[in-house]
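Structure at a glance
Here is what each chain is made of, one letter per residue.
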Amino acid sequence: MNATTRAKMLIDLSLNSLGYVDAERVKAVYNYVLENVEVSEQAEVLKAYVKALNPLLLKQRAVIESSGELSEATLKMLVDKIKSRMGSSVEVESKINKKLVGGLRITCGDDIFERSASDKFNTLAQSCKIR
């Protein structure tokens, strides 16, 4: 069995009942590899495992970027909405991005939700380039 196939099997063991990466399970998988995989193959298996694990971890982290400080009520509403849609184990970080011209951008894994003036300007600029 090659390293990629093994890594995919190990990913399944790393997820909790809700389908989220669980730190204790990851630790158990790491120990399993060290104890049960031949030394000559361990690095390759762990490298493939980490590569497969990274996209899952990114989906468990959301970043809210705003052009200015958000009120506590607005931030709480956004966090609640993200957690209801993406799952309660999502870690949410909020930060100010001065490059946004009004509005906000929420990134969770490969998903990006943006409602800002700068997004509208970029869309307009792209449509002008096409013509």
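For every chain, the first residue of its written sequence is number 1, and the numbers climb from 1 along that sequence. Restriction of local features to residues with pLDDT of at least 70 applies here, the model being predicted, together with a cutoff of 80 or more for giving and counting side-chain atom pairs; totals for whole chains, interfaces and linings are based on all residues. Values reported for side chains reflect all heavy atoms of the structure, with hydrogen atoms and water molecules removed beforehand.

Comment: elements are numbered from the N terminus, with helices defined as DSSP H or I runs of at least four residues and strands as E runs of at least two. Along the chain, Ile82 falls in helix α4 (residues 72–86). Separated by 31 residues in sequence, Ile82 and Phe113 place their C-alpha atoms 11 Å apart. It only takes one pair of heavy atoms within 4.5 Å for two residues to be counted as in contact. Sequence-distant contacts of Ile82, defined by excluding residues within four places in its chain, comprise Ala62, Ile64, Gly87, Val90, Val92 and Ile106.

Each residue carries a pLDDT score, the predictor's own confidence in it, on a scale running from 0 to 100. For the protein, per-residue confidence averages 85 on the pLDDT scale, and 90% of positions sit at 70 or higher. Per-element confidence in the protein is highest for helix α2 (residues 23–36), whose mean pLDDT is 94, and lowest for helix α5 (residues 117–130), whose mean pLDDT is 67.

What counts as an axis is a line fitted to C-alpha atoms, over the stretch in contact for a helix, and the angles between N-to-C directions run from 0 to 180 degrees. Their axes nearest at 8 Å, the elements helix α1 (residues 3–14) and α2 cross at an angle of 140°. The way α1 lies across α2 gives a crossing that is right-handed. Seen from α1, the contacting residues are Leu10, Leu13 and Ser14; seen from α2, they are Arg25, Val26, Val29, Tyr32 and Val33. Polarity classes work like this: nonpolar for Ala, Val, Leu, Ile, Met, Phe, Trp, Tyr, Cys and Pro, charged for Asp, Glu, Lys and Arg, and polar for all others, with Gly in that last group. When its residues are assigned to classes, the contact of α1 with α2 shows six nonpolar, one polar and one charged. Crossing chirality is assigned from the near helix's rotation relative to the far helix, an anticlockwise turn below a right angle marking it left-handed and a clockwise turn marking it right-handed.

On to the nonpolar core, then. In globular proteins that are soluble, nonpolar side chains generally tend to be buried together. If you look at the biggest cluster of nonpolar residues, it comprises 14 residues, and the most contacted ones within it are Leu10, Val29, Val33, Val45, Tyr49 and Leu53. Taken together, the elements giving at least two residues each to this core come down to α1, α2 and α3 (39–58). In terms of residue count, the dominant contributor to this core is α3 (five residues). Sequence-distant contacts of Val29, defined by excluding residues within four places in its chain, comprise Leu10, Leu13, Ser14 and Tyr49. The term nonpolar core refers to a set of buried residues drawn from Ala, Val, Leu, Ile, Met, Phe, Trp, Tyr and Cys, joined through side-chain atoms within 4.5 Å. Three labels apply to residues, based on accessible area from a 1.4 Å probe with only protein chains included: buried if under 20% of the type maximum, exposed if over 50%, partly exposed otherwise in between.

What follows covers the packing of α1 against α3. α3 packs onto α1 with a crossing angle of 55° between their chain directions and a minimal axis gap of 8 Å. Viewed along their axes, α1 and α3 adopt a mutual orientation that is oblique. As α1 packs across α3, the resulting crossing turns out to be right-handed. Facing Ala3, Thr4, Arg6, Ala7, Leu10, Ile11 and Ser14 of α1, the residues of α3 in contact are Glu41, Glu44, Val45, Ala48, Tyr49, Ala52, Leu53 and Leu56. Note that the term roughly parallel is reserved for angles under 35 degrees, roughly antiparallel for angles over 145, roughly perpendicular for angles of 65 to 115, and oblique for everything else.

The next thing to look at is the sheet that holds strand β1 (residues 61–66). Pairing between two strands is assigned when DSSP locates at least 2 bridges connecting them. An order of β2-β1-β3-β4 is seen for the four strands of this open sheet, with the pairing classed as mixed. Sheet topology places β2 (91–96) and β4 (111–115) at the edges, where each strand pairs with a single neighbour. Within this sheet the neighbouring strands show an average axis-to-axis angle of 15°, counted without direction. With six bridges joining them, β1 and β2 adopt parallel strand pairing. When the bridges of β2 are listed, Glu65 appears paired with Lys95. Where α4 meets the sheet, it contacts β1, β2, β3 (104–108) and β4, and its direction lies at approximately 150° from that of β1.

Glancing now at α3. Given the number of residues in a helix, its expected span is that number minus one, multiplied by 1.5 Å. Across its 20 residues, α3 extends 29 Å between first and last C-alpha, which sits within 8% of the 28 Å expected from 1.5 Å per residue. Of all the residues in α3, the buried ones are Gln42, Val45, Leu46, Ala48, Tyr49 and Leu53. Buried residues along α3 sit in contact with α1 and α2.

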